[in-house]
Amino acid sequence: MKSLPLARALALIVPLAMLGGAYAFQFIGGLHPCEMCWWQRYAHMAAIPLALIAYATRGRDCVSGLFTGLAGLAIGIGGAIGLFHAGVEYGWWQGLTACSTSPTGGSSTDILNQIMATPITRCDVAPWSLFGISMAGYNGLLSGAVALLILVLLLRKGSKA
């Protein structure tokens, strides 16, 4: 079994799934992201075009492997931010003290009304957990594991497509 195609697939599917889950929790579940949640999303957003470039260059294994590795690195960075965020939620260390609001524009009255209507989202409070693990914790665990798997797949002998 060739490992580069599997690494490439993971590098694309995982960030799409993680972002899909995050947006589902936001828009269906009503859980608004904090600043550190956005940082995790940005890393996964960066991984997607890198993985797409890896697919576009799959005829050139070296280039495709490079972009797959970069996508894996972005996934790993998202996971590291998730683990840091989870530590903040569990009170293991200090995190951000600011809360997130995102006014969209308009007059000063419109912006003030938007800010006042926006729910305060704290980075040190987990809005959801399953088995005692928050969304940030799951992101950290899953993304970290997938990033390591991508690295292992890329380093295996015979990883050519």
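Everything that follows concerns the structure shown earlier in this document.
Residues numbered from 1 in each chain as written. Predicted model: local features only at pLDDT ≥ 70, side-chain atom pairs only at ≥ 80, totals over all residues. Heavy atoms only, no water.

J.: Would you mind going over the overall build of the protein with me for this structure?
T.: Helices and strands together make up the secondary structure of the protein, namely five helices and two strands. Secondary structure elements in the protein, listed N-terminal to C-terminal, are α-α-α-α-β-β-α. A separation of at least 24 residues holds for 75% of the contacts in the protein among residues at least 6 apart in sequence. In the structure as shown, the protein presents an accessible area of about 9000 Å², 70% of it carried by carbon and sulfur atoms. (Helix = DSSP H or I, 4+ residues; strand = E, 2+ residues; numbered from the N terminus. Contact = heavy atoms within 4.5 Å. Areas by Shrake-Rupley, 256 points an atom, 1.4 Å probe, with all protein chains shown as cover.)

J.: What is the right way to read helix α2 (residues 35-56) from this model?
T.: Because the α-helix completes a turn every 3.6 residues, residues three or four places apart line up on one side. Under the 1.5 Å per step criterion, the end-to-end length of α2 is 33 Å for 22 residues, consistent within 8% with the ideal 32 Å. For α2, the secondary structure elements touched by its buried residues are α1 (3-27), α3 (61-89) and α5 (135-155). (Expected span 1.5 Å × (residues − 1).)

J.: Help me out: how do you make sense of the packing of aromatic side chains in this one?
T.: Describing an aromatic ring pair means giving the distance of the ring centres and the angle of the ring planes. Throughout the structure, instances matching the rule amount to three aromatic pairs. Ring geometry for tyrosine 90 versus tryptophan 92: centroids 5.1 Å apart, planes at 45 degrees, classification tilted. Judged by relative accessible area, which is 59%, tryptophan 92 ranks as exposed. A cation over a ring is seen here: arginine 41 above tyrosine 23, with NZ or CZ 4.5 Å from the ring centre. (Phe/Tyr/Trp six-rings, centres within 6.5 Å; stacked < 30°, edge-to-face > 60°. Buried < 20%, exposed > 50% of the residue type's maximum accessible area, 1.4 Å probe, protein only. Lys NZ or Arg CZ within 6 Å of the ring centre and 35° of its normal.)

J.: I'm lost on the nonpolar core in this one. Help?
T.: Across soluble globular proteins, nonpolar side chains have a tendency to be buried as a group. Membership of the largest hydrophobic core comes to 17 residues, with the highest contact counts inside it found for Leu10, Ala71, Ile75 and Ile150. Counting only elements with at least two residues in this core, the list comes to α1, α2, α3 and α5. Ranked by the residues each element gives to this core, the list is headed by α1, at six residues. Excluding residues within four positions of it along the chain, isoleucine 150 makes contact with Ala7, Leu10, Ala11, Thr68, Gly72 and Ile75. (Core = buried A, V, L, I, M, F, W, Y, C linked by side-chain atoms within 4.5 Å.)

J.: I would appreciate a short explanation of the packing of α2 against α3 in the present structure.
T.: To characterise two packed helices, one gives the angle between the axes of the helices and the distance between these axes. Packing of α2 against α3 brings their axes to within 8 Å, and their N-to-C directions diverge by 170 degrees. By the criterion of interaxial angle, the relationship of α2 to α3 is roughly antiparallel. Across the contact of α2 with α3, the residue classes tally to 19 nonpolar, seven polar and no charged. (Axes fitted to C-alpha atoms, helices over the stretch in contact; angles between N-to-C directions. Parallel < 35°, antiparallel > 145°, perpendicular 65-115°, else oblique. Nonpolar A, V, L, I, M, F, W, Y, C, P; charged D, E, K, R; others polar.)

J.: What is the right way to read a nonpolar patch on the surface from this model?
T.: Taken together, the side chains of Leu66, Leu70, Leu73 and Ile77 make up a nonpolar region of the molecular surface, amounting to roughly 350 Å² of accessible area. Tracing the backbone through its elements, the reader meets isoleucine 77 in helix α3. For isoleucine 77, a relative accessible area of 43% puts it in the partly exposed group. (Patch = residues over 30% accessible without salt bridge, like charges linked within 9 Å, V, L, I, M, F, W, Y side chains within 5 Å. Salt bridge = Lys/Arg side-chain N within 4 Å of Asp/Glu carboxyl O.)

J.: I keep staring at the side chain of glutamine 26 and nothing clicks. Help me out?
T.: Residue placement: glutamine 26 occurs in helix α1. Classification of glutamine 26 by relative accessible area gives buried; the value is 13%. Those residues within four positions of glutamine 26 in sequence are excluded, and the remaining contacts are Leu31, Pro33 and Arg41.

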